[in-house]
Amino acid sequence: MLFRNAKTAIFMSRTRRARSSGGSMLKFKNMVSDVKLVVQLQELDNRIRELQHEAASLPRHIGAIEKTLESHVRRLEANRAALAANQRERKQLEADIQSQEQKISKLRDQMLQAKTNEQYGAFRHEIEFCEKEIRKHEDRILERMSESEPLEQNVKAAEAALLKEKQQVEAEKSAARERTAGDKRQLDEIKQRRAEMVKTVTPSIYSEYERIRKGRKGIAVAEAVDGSCSACHMTLRLQFFQDLRLDERVMFCESCGRIMFYTPPPAEVDELGPGAQGESPSVETNP
Ligand SMILES: [Zn+2]
């Protein structure tokens, strides 16, 4: 306990120096610090949430581009299969033509030995039939050839595109791996900073912060802007707003229950105390 107090005291003196505030702040320094600390804690928690969200979305993104790649691979395989089937059919047709030609030459031999006009006519008829078959086969070969041209072009184009796509997917995967590793390092570092910060927050305030954060979709603090809560947009009572501005106690939005904070405009800081000199942005320093 003693250790904690000493640590808090060191932190307070640091905070006070940073704000370079006068004696009027001393009375509320603990509470002011708690408000400031939970605001900083919220910033860290927001960053943690962002990083965790990214860590979860990267594998989904990689999964999606891998799935697209896979579908392109399958399409190429289908085109290759169609091309192979086309070539097989052409070979079969050529073989059929050859056997028809053999049949014709055999029929011609037989025709020479025909004894009657009827026999002769029958052989001639059969030869004509075979010749007709050959012409049909030749027509089909031409059809297959005209089909195979675009198929071959498709396959060639798809192979080139796929090669590029594979490289791209690999590059994205390695970028995602690097990103994930960087995110993890950042996450570890922020979590450590958070743990250190938590030690300096008054425990009851911290448990309130955590309770509100869990109940309010991760957002436990809200800034008072133009007399309203920036989270739930409820207009603050005038007295509440005055207290928030001047008392600097830990106060909760009467509507959504979040811890409220108020950032005085630079002019108001000047009014509140002499300490803000030199820190408040002047007209010259603004770009
Ligand atoms: Zn609110």
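Everything in this summary refers to the structure shown in the same document.

Cut-offs and rules
Residues numbered from 1 in each chain as written. Predicted model: local features only at pLDDT ≥ 70, side-chain atom pairs only at ≥ 80, totals over all residues. Pairing = 2+ DSSP bridges. Helix = DSSP H or I, 4+ residues; strand = E, 2+ residues; numbered from the N terminus. Buried ≥ 20, exposed ≤ 12 C-beta atoms within 10 Å, placed from the backbone.

As a further point, take the pairing of strand β1 (residues 221–225). As paired strands, β1 and strand β4 (residues 259–261) are joined by three bridges and run parallel to one another. Paired with Ala 222 across the bridge in β4 is Met 260. Hairpin remark: β1 followed by strand β2 (residues 228–229), antiparallel, with two residues in the connecting loop; positive phi at Asp 226, about 50°.

Okay, the environment of Asn 154 next. Mapped onto the elements, Asn 154 comes out in helix α3 (residues 117–198). Under the C-beta neighbour-count criterion, Asn 154 is labelled partly exposed, with 17 such atoms within 10 Å. Sequence separation between Asn 154 and Asn 79 is 75 residues, and the spatial gap between their C-alpha atoms is 7.2 Å.

The subject of this paragraph is the environment of Leu 246. Tracing the chain through its elements places Leu 246 in helix α5 (residues 238–246). According to the C-beta neighbour criterion, Leu 246 is exposed, with 11 such atoms within 10 Å. For the pair Leu 246 and Tyr 262, spaced 16 residues apart in sequence, the C-alpha to C-alpha distance is 9.7 Å.

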